[in-house]
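This is what each chain is made of:
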Amino acid sequence: MKVGIIGTGYVGLPTGVGLAELGNNVICIDREPKKIEALKAGKITLYEEGLEELFHKNVKAGRLHFTTSMEEGVSDADLVIIAVGTPPHPITKEADMKYIHAAATELAEYLKGYTVIATKSTVPVGTGDDIEALISKKNPFVSFDVISLPEFLREGFAVYDFFHPDRIIVGADTERARNVIKELYKPFADKTKILFVKRRSSETIKYASNAFLAMKIHYINEMANFCEATGADITEVAQGMGLDTRIGNRFLNPGPGYGGSCFPKDTLAMSYMARQNNVEMTLINAAIAGNAKRKQQMAERILNAVKDIEKPKIAILGLAFKNGTDDCRESPAMEIIGHLLEHNANIIAYDPKAMGTACQLLGDKIGYADNMYATLQGADVLAVLTEWQEFKTLDLAQASRLMRHKIIIDCRNLINRDEAYKNGFKYQGIGHKEQEKLNELRQVA
Ligand code: NAD
């Protein structure tokens, strides 16, 4: 099948590479000439495990192409996938549709034969109708269908998720469009549920799913606060909860709050859509407010740990919003660093993959280290903010020799607590009482 993909970001590029690997002839379109020049020159523009190899393989096989020209990308395609950004509107926080509308308007004039236009971007309910109207206005005689094909990949696992989707949701209101998608996903038909629903249901499924996951994170973070207050341990509590198959064990890791390019904006957009439709969304609104507070609380926790130290040096491990990606958009680490900088903190940071993207956002406001240990030289506190597994291997004996004060604030529960105590650290993770406070509690009992 000939597939044109508009937008070569964190969704568009892995999707393009994956569809090429399935044997389709794929052309990726982006309006940023720099991105397309890099991709044409064989340079991958974002980090995802396993993506680079598949990218080279499919370029070499002649199945994967890149262009800035909408005409080149769209005119021969059987299927055009829209994967442009839908960031929050700066004022209302609804999904900003300017990129979607621009893409739909631009592609319309180049459609020739019957084409399926699939929206992979996360878009408000009713967007399919808007795209349909825009295309019909611009190119009244062309034959096409607009469908919703929401993306559920997890950044950091985009390649794995492409080839092993939990489910494929297709919001298509015509048989002809459904058949195109059945053909596209034929290689998955035996192992993956492909659920065909109404276009508006499909658009809603994406927001409803992301908002639910964000609420689950918020919930476990509140439970972690409860554990800290009572002497229970969130790791044990989450394990016990997760054994209930109705709850499931995923998304029960407490941390510094949810972030990334999806959950924050999608919860806000869902809340906005609900208000527009006079529907109350109390749980989602609580998650939004609680999550904002969470990052502030984590920053305060770090500042509090060094409140008696003059001009403390803060070592940060982790800048990306999660492990496995270089994406720092809405990263809790970025927000926490923002709060710390408001208090004139002296920060030096390290992330295995996100140094470049973080530097674009933070510039010279913080220092950057080449490895974990280089952040620790003379540091007064170490704050762990992203769940990179590499941080688990931190040699605490070496860390204790490098640091000026031995304090760890572990917002991801990655550092071995007992080892930290053994090496003389004052250690505070998430969702359990600090050792000394726990001892006090035991004495009282
Ligand atoms: P992104 O910002 O990484 O990429 C978007 C790309 O689209 C950019 O390269 C931009 O230059 C390009 N673009 C914008 N307008 C264009 C136009 N008119 N013509 C050609 N190119 C254009 O965004 P992303 O993270 O890939 O997200 C895309 C959509 O997918 C969003 O709606 C997002 O909510 C959704 N989504 C993202 C994820 C994720 O993990 N990132 C997961 C599921 C769904």
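Structure report, in brief.

Rules of the game
- Residues numbered from 1 in each chain as written.
- Predicted model: local features only at pLDDT ≥ 70, side-chain atom pairs only at ≥ 80, totals over all residues.
- Heavy atoms only, no water.
- Salt bridge = Lys/Arg side-chain N within 4 Å of Asp/Glu carboxyl O.
- Helix = DSSP H or I, 4+ residues; strand = E, 2+ residues; numbered from the N terminus.
- Buried < 20%, exposed > 50% of the residue type's maximum accessible area, 1.4 Å probe, protein only.
- Near = heavy atom within 4 Å.
- Polar contact = N/O pair within 3.5 Å; in protein donor to acceptor, adjacent residues only side chain to side chain.
- Areas by Shrake-Rupley, 256 points an atom, 1.4 Å probe, with all protein chains shown as cover.
- Axes fitted to C-alpha atoms, helices over the stretch in contact; angles between N-to-C directions.
- Parallel < 35°, antiparallel > 145°, perpendicular 65-115°, else oblique.
- Left-handed = near helix turned anticlockwise from the far one by under 90°.
- Contact = heavy atoms within 4.5 Å.
- Nonpolar A, V, L, I, M, F, W, Y, C, P; charged D, E, K, R; others polar.
- Expected span 1.5 Å × (residues − 1).
- Core = buried A, V, L, I, M, F, W, Y, C linked by side-chain atoms within 4.5 Å.
- Phe/Tyr/Trp six-rings, centres within 6.5 Å; stacked < 30°, edge-to-face > 60°.
- Lys NZ or Arg CZ within 6 Å of the ring centre and 35° of its normal.

The next thing to look at is the pattern of salt bridges. Applying the stated criterion to the full structure yields 21 salt bridges. Among the ionic pairs, Lys 57 bridges to Glu 21, the shortest N-O distance being 2.8 Å. Here Glu 21 lies in helix α1 (residues 12–21) and Lys 57 lies in helix α3 (residues 51–60), a separation of 36 residues in the sequence. The class for Lys 57 is partly exposed, based on a relative accessible area of 44%. Relative accessible area serves as the criterion here: at 24%, Glu 21 is assigned to the partly exposed category. When the shortest N-O distance is used, the salt bridge between Glu 335 and Lys 295 registers 3.1 Å. Of the two residues, Glu 335 is situated in helix α13 (residues 332–342) and Lys 295 in helix α12 (residues 282–305); the sequence distance between them amounts to 40 residues. What makes Glu 335 partly exposed here is its relative accessible area of 30%.

Looking at the ligand, there are 28 residues lining it, with Asp 30, Lys 35, Thr 86, Glu 155 and Lys 265 nearest. In this structure, Thr 122 approaches the ligand through a main-chain N or O atom, which is 2.9 Å from an oxygen atom. Within the contact set of the ligand, an oxygen atom lies 2.5 Å away from a side-chain nitrogen or oxygen of Lys 265. Here the ligand loses 92% of its free accessible area of 830 Å² to cover by the protein chains. Sort the elements by how many residues they give to the shell around the ligand and helix α5 (residues 98–108) lands first, with three residues.

Of all ten residues in α1, nine are buried; the element is thus mostly enclosed. Taken residue by residue, α1 has Gly 12, Leu 13, Pro 14, Thr 15, Gly 16, Val 17, Gly 18, Leu 19 and Ala 20 as its buried positions. Where α1 terminates, the next one or two residues include Gly 23, which has phi positive at roughly 105°.

Each packed pair of helices is defined by two parameters, the angle between the axes and the distance between the axes. The N-to-C vectors of α12 and α13 enclose an angle of 55°; their axes lie 9 Å apart at closest approach. By the angle between their axes, α12 is oblique relative to α13. For the crossing formed where α12 meets α13, the hand is right-handed. Mapping the contact onto sequence places Lys 295, Gln 296, Met 298, Ala 299, Ile 302 and Leu 303 in α12 and Pro 332, Glu 335, Ile 336, His 339 and Leu 340 in α13. Of the residues belonging to the contact of α12 with α13, the class tally is seven nonpolar, two polar and two charged.

Taking 1.5 Å of rise per residue, the 24 residues of α12 would be expected to cover 34 Å, and the 34 Å separating its terminal C-alpha atoms lies within 8% of that figure. Among the residues making up α12, those that are buried are Ile 284, Ala 287, Gly 290, Asn 291, Arg 294, Lys 295, Met 298, Ala 299, Arg 301 and Ile 302.

Bringing the environment of Glu 53 into the picture now. Here Glu 53 shows up in helix α3. A relative accessible area of 63% places Glu 53 in the exposed class.

Before going further, it helps to spend a moment on the nonpolar core. Of all hydrophobic cores here, the largest spans 61 residues; its most connected members are Ile 302, Ile 316, Leu 319, Leu 340, Ile 347 and Leu 382. At six residues, the largest contribution of residues to this core is made by α13. For Leu 319, the contacting residues outside a window of four places in its chain are Cys 328, Ser 331, Ala 333, Met 334, Ile 337, Ala 349, Asp 351, Met 355, Ala 358 and Thr 386. Core analysis: the second largest hydrophobic core is formed by 38 residues, Leu 13, Ala 83, Leu 149 and Phe 163 among them.

Before going further, it helps to examine the packing of aromatic side chains. If you walk through the whole model with that rule in mind, you get eight aromatic pairs. Summarising the aromatic geometry, the rings of Tyr 185 and Phe 188 are spaced 5.9 Å apart at their centres and angled 20° between planes, so their arrangement reads as stacked. By relative accessible area, Phe 188 is classed as buried at 2%. Ring geometry for Phe 251 and Phe 263: centres 6.1 Å apart, planes at 50°, overall tilted. Of this pair, Phe 251 sits in the loop between α10 (234–242) and α11 (263–276) while Phe 263 sits in helix α11, and the two are twelve residues apart along the sequence. Assessed through its relative accessible area of 30%, Phe 251 is described here as partly exposed. Grouping aromatic residues by their ring pairs yields a cluster made of Phe 162, Phe 163, Tyr 185 and Phe 188. For Arg 167, the ring lying beneath its charged end belongs to Phe 152, and the centroid distance is 3.8 Å. The ring of Tyr 114 carries Arg 176 above its face, with NZ or CZ at 3.6 Å from the centroid.

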